[in-house]
Amino acid sequence: METLGTIPPEIAGNFDWLRVKELEEQQRSLLRSVVCGFNQLLDLRDLNTGIHSTRLAEWSVRVARKLGLPDSELYQLEVAALLHDIGKIGIPDAILRKEGKLTDDERALMNKHPEYSWSILRLFPGFDKASLYALHHHESFDGHGYPGGLKGDEIPIGSRIVSVIDAYDAMISNRCYRKGLSHEEAVRRLSAGSGTQFDPSVVRAFLEIAGKEVANVFAATGASPSAVI
Ligand SMILES: [Fe+2]
């Protein structure tokens, strides 16, 4: 049987190239499985429904495209959208599931979850940006968010996108203790927070897309466009 050593160098080079491609594909596939596995973990702890995060990822990528982000950013954004709250795994149930107001200490611990998300995601090769997007998804455009108190463009664009869509989705989704808001009310609140909590360009891009697809959005959440609190 012929070995690689006896093959002419130009052909052997092709074998090397094919092997590299194969290994790259294996790594991509492994990372995809890791992302899906973690996403299921969130589901199991009932922290984030699969539908919510899948929708969040889909909308994040669409907003990113509308804002002209390069293709190389989209995968990182998708991972961040799916796993930005993975750090909630490290928050005790007594705090996560508390129905009343959190005490200052409980709030301080709860606000650690973006750092926990970052500390998990940064361990995986190729998730550098995704981990940063997760770290900063609770920053506020005016600098009053956490954990870094970053302001405006200091906040990674992926974090600014996840923040807007996550907020909208949370507002319109039904919860066991309350009904989702109407699209109009959610838009009003997003617009009110534009420039303070949210990046105005992201709000604009998102609402342009969402405005045309309200019915689909609500069908996906199980709420109705006319739902009220
Ligand atoms: Fe979060």
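Up top is the structure these notes are about.
Note that the structure is predicted; figures quoted are calculated from it, not measured.

Trainee: Before we go on, may I ask you to explain the pattern of salt bridges in this structure?
Mentor: Once their charged atoms are close, side chains differing in charge can pair, the charge on each being opposite to the other. In the structure shown here, the tally under the stated rule is 15 salt bridges. Note that Glu 25 and Arg 32 form a salt bridge whose closest N and O atoms lie 3.1 Å from each other. Exposure remark for Arg 32: the relative accessible area of 42% places this residue in the partly exposed category. Across the salt bridge formed by Arg 188 and Glu 185, the nearest N and O atoms sit 2.9 Å from each other. On the criterion of helical spacing, the pair formed by Arg 188 and Glu 185 is a turn pair, its members being three residues apart in helix 9 (residues 183-193). What makes Arg 188 partly exposed here is its relative accessible area of 49%.

Trainee: It is not clear to me how the coordination of the iron ion should be interpreted in this structure. Could you clarify?
Mentor: Geometrically, a metal with four donors at the corners of a regular tetrahedron has ideal angles of 109.5 degrees, and one with six donors at the corners of a regular octahedron has ideal angles of 90 or 180 degrees. The protein atoms that coordinate the iron ion are Asp 85 (OD), His 113 (NE2), His 137 (NE2) and His 138 (NE2), at distances spanning 2.2 to 2.3 Å. Viewed at the metal, the four donor atoms of the iron ion are separated by angles of 85 to 174°, and the geometry they form is irregular. Judged by relative accessible area, which is 7%, Asp 85 ranks as buried.

Thresholds applied
- Residues numbered from 1 in each chain as written.
- Predicted model: local features only at pLDDT ≥ 70, side-chain atom pairs only at ≥ 80, totals over all residues.
- Heavy atoms only, no water.
- Salt bridge = Lys/Arg side-chain N within 4 Å of Asp/Glu carboxyl O.
- Buried < 20%, exposed > 50% of the residue type's maximum accessible area, 1.4 Å probe, protein only.
- Helix = DSSP H or I, 4+ residues; strand = E, 2+ residues; numbered from the N terminus.
- Donors = N, O, S within 2.8 Å, 3.2 Å for Na, K, Ca; no water.
- Tetrahedral: all angles 85-135°; square planar, octahedral: opposite > 155°, others 65-115°.

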